[in-house]
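So you can see what is in the structure, the chains are spelled out below.
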Amino acid sequence: MKKTQYTIATLSSHSALQILKGAKDEGFNTLLIVTPEREAFYRTFPFIDEFMTVSKFSDFPSIEKQLIEKNVILIPHGSFVAYLGTQKNKTMKVSYYGNKKVLDWEEDRLKQREWLEHANILMPQQFKDVDSINYPVIVKSYGAAGGSGYFYAKNKRDYNSKISQMGSKQFVIQEYVIGVPLYIHYFYSPLTKKLEIMSIDRRYETNVDSLGRIPLAGQEGLEINPSYVVVGNSPLVLREAMLVEAYNMGLRVIESSQKLMDGRGLFGAFCLETVISEKQKFYTIEISCRIVAGTNLFTHGSAYSWLYYNEPMSTGRRIAREIKHAVEQKKLKMILD
Ligand code: ATP
């Protein structure tokens, strides 16, 4: 079967443009599952061959049969879990790029910690009860997206006054790591057994990243509290001396996933969300087991992908290339669920 007999599809959000542009560049047919209010915008791009409309993303299962008939390979991105939930992702029957077993390990914060600890990844300390806290801390509500609903507490009094205003009853209390938030985008190929760092970004968050624009004296008395809502991403290259550890962290995560899960483990695009401390240690706050929005900076490739490929290579295109190679080598089963 040729690659042109497959159609690569995704939902019209998050990193859909990058994914479908990459798929077209690799010679696939492309399809976008779109909601009516987004269609006009997405139709302005020349690399989307076909559109299928759903009134809302959660109606996705109603078109599944048609997708299967069209020989679709679905590429999940951040909106898949947000709009469909883990359960709908797991029960989907259309070909899905990735290993669905990873979803359980990613979704459950305790399991995720177990996995990362197994991989010898340094994480911020987590506190079980208020009395054992070493300040400062960041308090994170469950189910938050893009850092909303988080607060910073510098001591117990600060914590007590803020916790009473917090809406959510489910939250974690974490050591606050003072440093640079750095998101490392990896790609692991089970076909070549090679891991690559595709690109790196840092998030720009309001208002925490803008506090430095007002001198401390000017902030006094204003009671400004840092918040962590992401408004954008900017590219970043890491000091080369630190790249090796960034790479080795990715390797350890892959190796652990193969041991803890089903042998296949995690593959394809993933991201370690880290904060680098004063002592240049990477503290990992989260793992995302698919393409992340920060890769959208690099539709034409990054400083790193250029070194590997000598041609424009976004993460979206890298995914399509992997599928193309799997088709050619008759190994599609290895990378689809
Ligand atoms: P997303 O799901 O979009 O990745 P999220 O809601 O899960 O976001 P996190 O990635 O956990 O949020 O954190 C959002 C921001 O909060 C980070 O980018 C960072 O600025 C800050 N942050 C989170 N945990 C810590 C920590 N332990 N120390 C310092 N800052 C932190």
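Residues numbered from 1 in each chain as written. Predicted model: local features only at pLDDT ≥ 70, side-chain atom pairs only at ≥ 80, totals over all residues. Heavy atoms only, no water.

### Examining the pattern of salt bridges
Taken as a whole and assessed by the stated rule, the structure comprises 23 salt bridges. The salt bridge involving glutamate 26 is made with arginine 321; its shortest N-O contact spans 3.0 Å. Taken together, the residues span a long stretch of sequence, with glutamate 26 in the loop between helix H1 (16-25) and strand E2 (29-34) and arginine 321 in helix H11 (residues 315-328) at a distance of 295 residues. Here glutamate 26 and arginine 321 have matching classes, each one buried. Its salt-bridge partner being arginine 202, residue aspartate 209 comes within 3.0 Å of it at the nearest N-O pair. (Salt bridge = Lys/Arg side-chain N within 4 Å of Asp/Glu carboxyl O. Helix = DSSP H or I, 4+ residues; strand = E, 2+ residues; numbered from the N terminus. Buried < 20%, exposed > 50% of the residue type's maximum accessible area, 1.4 Å probe, protein only.)

### Let's talk about the sheet that holds strand E13 (residues 268-277)
Pairing is antiparallel across the open sheet formed by five strands, whose spatial order is E12-E11-E10-E13-E14. A single partner strand is all that each edge strand has here, and the edge strands are strand E12 (228-235) and strand E14 (282-288). Averaged over all adjacent pairs, the angle separating strand axes in this sheet is 35 degrees, with direction ignored. The pairing of strand E10 (residues 179-189) with strand E11 (residues 194-207) spans seven bridges and is classified as antiparallel. By the bridge assignment, isoleucine 184 is partnered in E11 with isoleucine 200. Its contacts with the sheet put helix H6 (residues 109-118) on E13 and E14, and the angle it makes with E14 is roughly 125 degrees. (Pairing = 2+ DSSP bridges. Axes fitted to C-alpha atoms, helices over the stretch in contact; angles between N-to-C directions. Contact = heavy atoms within 4.5 Å.)

### Remarks on the packing of aromatic side chains
Per the stated rule, a full pass over the model turns up 10 aromatic pairs. A centroid spacing of 6.3 Å and a plane angle of 50 degrees characterise the contact between phenylalanine 151 and tyrosine 159, whose relative ring orientation is tilted. With a relative accessible area of 3%, tyrosine 159 lands in the buried category. Aromatic side chains tyrosine 186 and phenylalanine 270 sit 4.7 Å apart centroid to centroid with 10 degrees between the ring planes, which places their arrangement in the stacked category. You can see tyrosine 186 sitting in strand E10 and its partner phenylalanine 270 sitting in strand E13, a full 84 residues away along the chain. Each member of the pair tyrosine 186 and phenylalanine 270 is classed as buried. (Phe/Tyr/Trp six-rings, centres within 6.5 Å; stacked < 30°, edge-to-face > 60°.)

### Side note on the nonpolar core
Counting 62 residues, the largest nonpolar core has Leu238, Val253 and Ile323 as the members making the most contacts within it. With six residues, the single largest contributor to this core is helix H9 (residues 240-260). Two domains each put at least three residues into this core: domain 1 (3-96) and domain 2 (99-124 + 178-204 + 232-311 + 333-337). Not counting residues up to four positions away in its chain, the partners in contact with isoleucine 323 are Ile8, Phe28, Ile73, Ile75, Tyr97, Leu332 and Ile335. Formed by 18 residues, the second largest nonpolar core is a distinct cluster that contains Leu31, Ile33, Val54 and Leu103. (Core = buried A, V, L, I, M, F, W, Y, C linked by side-chain atoms within 4.5 Å. Domains from an automatic or database assignment.)

### What about the packing of H1 against H11?
To characterise two packed helices, one gives the angle between the axes of the helices and the distance between these axes. For the pair H1 and H11, interaxial distance at closest approach is 7 Å and the crossing angle is 45 degrees. In this view, H1 runs oblique relative to H11, as classed from their interaxial angle. The way H1 lies across H11 gives a crossing that is right-handed. Touching Gln18, Ile19, Gly22, Ala23 and Asp25 of H1 are Thr315, Gly316, Arg317 and Ala320, all from H11. A breakdown of the residues in the contact of H1 with H11 according to their chemical character gives three nonpolar, four polar and two charged. (Parallel < 35°, antiparallel > 145°, perpendicular 65-115°, else oblique. Left-handed = near helix turned anticlockwise from the far one by under 90°. Nonpolar A, V, L, I, M, F, W, Y, C, P; charged D, E, K, R; others polar.)

### Focus: the site of the ligand
As a structural note, the neighbourhood of the ligand is formed by 19 residues, with Lys140, Gly147, Val177, Tyr183 and Glu205 the closest of them. Here an oxygen atom of the ligand sits 3.2 Å away from a polar atom, N or O, in the side chain of arginine 203. A distance of 3.1 Å separates an oxygen atom of the ligand from a polar atom in the side chain of glutamate 286. Considered on its own, the ligand offers 620 Å² of accessible surface; in the complex 90% of this is hidden by protein. Elements represented by at least two residues in the shell around the ligand include exactly strand E7 (137-141), strand E9 (171-175), E11 and E14. Of the residues in the shell around the ligand, the class split is 10 nonpolar, three polar and six charged. (Near = heavy atom within 4 Å. Polar contact = N/O pair within 3.5 Å; in protein donor to acceptor, adjacent residues only side chain to side chain. Areas by Shrake-Rupley, 256 points an atom, 1.4 Å probe, with all protein chains shown as cover.)

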